[in-house]
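# Structural description and commentary
Single-letter residue listing:
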Amino acid sequence: MIHFPLVEIGQKKRNFLPLEFNLSSWEVVQPYYEKLVEREINSLDQLKDWLIDWSELEGFLSEDFAWRYIKLSCNTEDEDIKNRYQFYINEIKPNSAPYGDLLNKKFVECPFTNDLIDSEDIILKRSVINEIELFRKENIPLYVKTEELAQKYQDIISQMMIRYQDTDYTLSHAAKFLKDPDRNIRKEVYELVSQRRSKDAGELNQIMDELIKIRHQIAINAGFDNFRDYKYKSLGRFDYTVEDVKSFRDSVASIISPIIGEILKEKGKSIGLELTDMKPYDADAEPEGIKALAPYQNSEELITKTIKSFSRINSHLGQYLDLMDKNGFFDLDSRKGKAPGGYNYPLDETGIPFIFMNSTGKHRDLVTMFHEGGHAIHSFLTKELKLNAYKHTPSEVAELASMSMELISMDMWDEFYPDKDDLKRAIKEQLEGVIEILPWIALVDEFQDYIYTHPDINIEQRIDIWVELYKKYHGIDVNWAGYEDIRKILWQKQLHIFEVPFYYIEYGIAQLGALAVWKNYKLNPEKGLENYLSALQLGYTKTVPEIYNQAGISFNFSDTYLSELLDFVKEELRKNSEA
Ligand SMILES: [Zn+2]
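Summary of the structure given here. (Residues numbered from 1 in each chain as written. Predicted model: local features only at pLDDT ≥ 70, side-chain atom pairs only at ≥ 80, totals over all residues. Heavy atoms only, no water.)

### Remarks on the overall build of the protein
This is how it is decided: Elements are defined by DSSP. Helices are runs of H or I of four residues or more, strands are runs of E of two residues or more, and each kind is numbered from the N terminus. Contact definition: two residues touch when any of their heavy atoms are within 4.5 Å.
The secondary structure content of the protein amounts to 22 helices and five strands. For the C-alpha atoms alone, the extent of the protein along its principal axes is close to 75 × 55 × 50 Å. Within the protein, residue pairs in contact and separated by at least 24 positions form 77% of the contacts whose partners lie at least 6 positions apart.

Next up, the structure:
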């Protein structure tokens, strides 16, 4: 049986920090770091208390930063909000980093640490040792610089709009026109979006150039040959290597690409085009007479129906999302000045996460909502774990939570699609999307692998590599003639490349895991769900493969496993088309 933690707002408990605590300067928080550094630890119990106090400080700071980040992504144009965010990046982060290192060392060197032998403590020690090995004081200002550049990227992207038929659209909003059955509309909007992206392409190329140089230096300072190897360690990839990822990418290229070709051809047929005549703006088109899926009219409806869907999976899950709604922890509508993308941000002290999105009523937004909802459930389920470090899972696990929820929730999509044909189309789109995303994931990963292991190439060479790799993963593709320039900068829309480098292959690994979770769920909903939720509840108190095993699946991304899961997807696609 899953234990669902009770969550109420306004129940912050603090033993170490004062209840009223305003992070107005570094000086107000520094004494608490000092206290932790200086405290004498004379027993195992004292060590445990010390860990809890440290965790309380980390939890406070992490939530304080979370709010600055959330507010800024909701309104990137507000100078006050921007300054409050910058203050944390420029003042708190660089000043607290050396203390983090001191505390890490104090923990590892403490004689009682050897007596911590539970699995969660083994995991914790492993991560702390990893951090100590990577920490270099001279990297602190370099990290500040990369954060500033990532912020610049966000500013540029969040300003991108097009004007179409006398109305301004954000680029995520404009994407809906690419589904329009009218080819002229698709072409016109695609070109407007491309022109808008091209306008800032030069500057984004420059930003990337700077980021690569700085990140390379960070790696060198820490004793690595390149930023890729540094990043594998800093992301805590304890269970797989650069070579494993390479062979995963190669399996994707050889197994998935032909299937994508088939999907594209079928799409072309439905809109009366041969593959060779299909342009990039045709890939998402709906056939004549078919309207784009419109799962909801406004964000209120999206929230209400999402809560209902989660309740149908399990009543506790619905209650959790309802609690978020009651406390205003959703900002869903796309608007100018909002940062791109979507996320679920856990708030360590409050225990209720925040969901941010750029929703415009598309089917894709519905999927994002269930994705972020899966992350949110994960946040709630780990609420009672003693230390923050136990709550924050590596991405291979975090994305397993969210991507599994995308698939599990499909049985409840009739909330949004009362029409049986719409529902069938939505499920088809989701399952095809699961397949189609894999080459993009592999491409983004290999591109980063290349550019960080070849840090000296220039912008032109980097673009050539991108195009070459793009072709590797899209063996059978639409006809890009006349649109080659936009293909050169497609990577610029992937914010991970700028903001969270190398955090991407996890989506591929977790996608396979999610398919396996969904397969179990289809075979036995009750047991499948219980396994899945009990794995989330572990937080990061076991290794990643152990967490996957708890979910009833194996941590695996071999080509045989990939093929096996694909066969299952194809079978489900076939059932759906006959339903
Ligand atoms: Zn996610």
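### Digging into the side chain of Gln86
Tracing the sequence through the fold places Gln86 in helix H3 (residues 79-109). Look past the residues within four positions of Gln86 in its chain and what remains in contact with it is Glu91, Glu148 and Gln151.

### As for the sheet that holds strand S3 (residues 330-333)
The cut-off we apply is this: Think of it this way: DSSP has to see at least two bridges between two strands before they count as a pair. Between N-to-C directions, angles cover 0 to 180 degrees, with each direction set by a line fitted to C-alpha atoms, over the stretch in contact for helices.
What the three strands build is an open sheet, ordered S3-S5-S4; its pairing is mixed. Each of the sheet's edge strands pairs with one partner strand only, and the pair in question is S3 and strand S4 (343-345). Averaged over neighbouring strand pairs, the angle between their axes works out to 10 degrees when direction is ignored. Packing against the sheet, helix H2 (residues 44-74) makes contact with S3, S4 and strand S5 (354-359), and its axis sits at approximately 150 degrees to S4. Across the sheet, helix H10 (residues 299-313) lies against S3 and S5, angled at about 125 degrees from S3, the strand it touches most.

### Comments concerning the coordination of the zinc ion
Note the threshold: Any N, O or S atom lying within 2.8 Å of the metal counts as a donor, and for Na, K and Ca the limit rises to 3.2 Å; water is left out, so some sites can look incomplete. A four-donor site is classed as tetrahedral when every donor-metal-donor angle falls between 85 and 135 degrees; four donors are called square planar, and six octahedral, when trans pairs exceed 155 degrees and all remaining angles lie between 65 and 115, with any other arrangement labelled irregular. Partly exposed residues are those whose accessible area sits between 20% and 50% of the maximum for their type, while under 20% is buried and over 50% is exposed, using a 1.4 Å probe and protein chains only.
Those donors, His371 (NE2), His375 (NE2), Glu399 (OE) and Glu399 (OE), are the protein atoms that reach the zinc ion, and they lie 2.1 to 2.7 Å from it. Coordination geometry of the zinc ion: the four donor atoms subtend angles of 52 to 143 degrees at the metal centre, consistent with an arrangement described as irregular. Written as a sequence motif, the donor arrangement for the zinc ion is H-x3-H-x23-E. On the criterion of sequence distance, the pair formed by His375 in helix H12 (residues 363-381) and Glu399 in helix H14 (residues 395-408) is long-range, its members being 24 residues apart. Neither His375 nor Glu399 differs from the other in exposure class; each is buried.

### Focus: the environment of Met369
Secondary-structure assignment places Met369 in helix H12. Given the relative accessible area of 1%, Met369 is considered buried. A sequence separation of twelve residues divides Met369 from Met357, and the C-alpha atoms of the two residues are 7.9 Å apart.

### Let's talk about the environment of Pro394
Relative to the elements of secondary structure, Pro394 occurs in the loop between helix H13 (388-391) and H14. The exposure class of Pro394 is buried, given its relative accessible area of 10%. Taking the C-alpha atoms as reference, Pro394 lies 42 Å from Thr167; in sequence the two are 227 residues apart. For Pro394, the residues in contact, after removing those within four places along its chain, are Tyr540 and Val544.

### Brief notes about the packing of aromatic side chains
Threshold: Only centres within 6.5 Å qualify two rings of Phe, Tyr or Trp (six-membered ring in Trp) as a pair; their planes then separate them into stacked at under 30 degrees, edge-to-face at over 60, and tilted for everything else.
The final tally for this structure, using the stated rule, is 47 aromatic pairs. Ring centres of Phe227 and Tyr452 lie 4.9 Å apart, and the angle between their planes is 50 degrees; on these two criteria the pair is classed as tilted. With Phe227 in helix H8 (residues 227-234) and Tyr452 in helix H15 (residues 420-453), this residue pair connects regions lying 225 residues apart in the sequence. Accessibility assignment for this pair places Phe227 and Tyr452 in one class, buried. Taking the centre distance of 5.8 Å and the plane angle of 80 degrees together, the rings of Tyr281 and Tyr483 count as edge-to-face. Of the two residues, Tyr281 is situated in the loop between helix H9 (242-270) and H10 and Tyr483 in the loop between helix H16 (459-473) and helix H17 (484-488); the sequence distance between them amounts to 202 residues. Using a relative accessible area of 5% as the deciding quantity, one classes Tyr281 as buried. Through a chain of ring-to-ring contacts, the aromatic side chains of Tyr153, Trp440, Phe447, Trp466, Tyr470, Trp480, Trp491 and Phe498 assemble into a single cluster.

### Section: the packing of H9 against H15
What counts is decided by this rule: Orientation labels follow simple angle bins: below 35 degrees gives roughly parallel, above 145 gives roughly antiparallel, 65 to 115 gives roughly perpendicular, and whatever is left gives oblique. Two helices that cross are described as forming a left-handed crossing if the nearer one is turned anticlockwise from the farther one by less than a right angle, and a right-handed crossing if clockwise. Three classes are used, and their members are as follows: Ala, Val, Leu, Ile, Met, Phe, Trp, Tyr, Cys and Pro are nonpolar, Asp, Glu, Lys and Arg are charged, and the others, Gly among them, are polar.
Two elements in contact, H9 and H15, have axes separated by 9 Å at closest approach and are oriented at 135 degrees. When the interaxial angle is binned, H9 and H15 end up oblique. Note that H9 runs across H15; the crossing there is left-handed. Residues Val242, Val245, Arg249, Val252, Ile256, Ile259, Ile260, Ile263, Glu266 and Lys267 of H9 form the contact with H15, whose participating residues are Lys428, Glu432, Ile435, Glu436, Leu438, Pro439, Ala442, Asp445, Glu446 and Asp449. Classifying every residue of the contact of H9 with H15 gives eleven nonpolar, no polar and nine charged.

### Some details on unusual backbone geometry
For Gln165, which is not glycine, the phi torsion reads 45 degrees and is therefore positive. Relative to the helices and strands, Gln165 is located in the loop between strand S1 (161-164) and strand S2 (167-170). Accessibility expressed as a relative area gives 62% for Gln165, which makes it exposed. A positive phi angle, close to 65 degrees, is found at Asp166, a residue other than glycine. If you trace the backbone, Asp166 turns up in the loop between S1 and S2.

### Points about H16
Counted only if it meets this: Helix span, as expected, comes to 1.5 Å for every residue beyond the first. What qualifies as a polar contact is a pair of N or O atoms within 3.5 Å, subject to a donor-acceptor requirement within protein and to the restriction that residues adjacent in sequence count only when both atoms come from side chains.
The terminal C-alpha atoms of H16 lie 21 Å apart, and with 15 residues this matches the ideal 21 Å at 1.5 Å per residue to within 8%. Inspection of H16 places Ile459, Arg462, Ile463, Ile465, Trp466, Val467, Leu469, Tyr470 and Tyr473 among the buried residues, and these make up the whole buried set. Contacts made by the buried residues of H16 are with helix H7 (183-221), H9, H15 and H17. Where H16 begins, one side-chain oxygen reaches toward the backbone nitrogen of Glu460, 3.1 Å away; that side chain belongs to Asn458.

### Regarding the pattern of salt bridges
Convention followed: The salt bridge definition used is simple: a Lys or Arg side-chain nitrogen within 4 Å of an Asp or Glu carboxyl oxygen.
Per the counting criterion, the structure on display carries 46 salt bridges. Residue Lys338 pairs with Asp331 through a salt bridge whose shortest N-O separation is 2.6 Å. Using a relative accessible area of 15% as the deciding quantity, one classes Asp331 as buried. Arg574 is the partner of Glu571 in a salt bridge, and the nearest nitrogen-oxygen pair spans 2.6 Å.

### A closer look at the packing of helix H19 (residues 505-523) against helix H20 (residues 525-537)
At a minimum axis distance of 5 Å, the contact between H19 and H20 shows a crossing angle of 145 degrees. The handedness of the crossing between H19 and H20 is right-handed. Judged by residue contacts, Val517, Asn520, Tyr521, Lys522 and Leu523 of H19 engage Pro525, Gly528, Leu529 and Tyr532 from H20. Looking at side-chain class alone, the contact of H19 with H20 contains six nonpolar, two polar and one charged residues.

### Description of the pairing of S5
Along any regular strand, the residues point their side chains to alternate faces of the sheet. Most of S5 is tucked away: six of the six residues are buried. Taking every second residue as pointing to the same face, both faces of S5 are buried, with Phe354, Phe356 and Asn358 on one and Ile355, Met357 and Ser359 on the other. Direction of pairing for S3 relative to S5: parallel, over a ladder of three bridges. Pairing of Asp331 across the sheet is with Phe356, part of S5. Across three bridges, S4 lies against S5 in antiparallel orientation. When the bridges of S5 are listed, Asn344 appears paired with Ile355.

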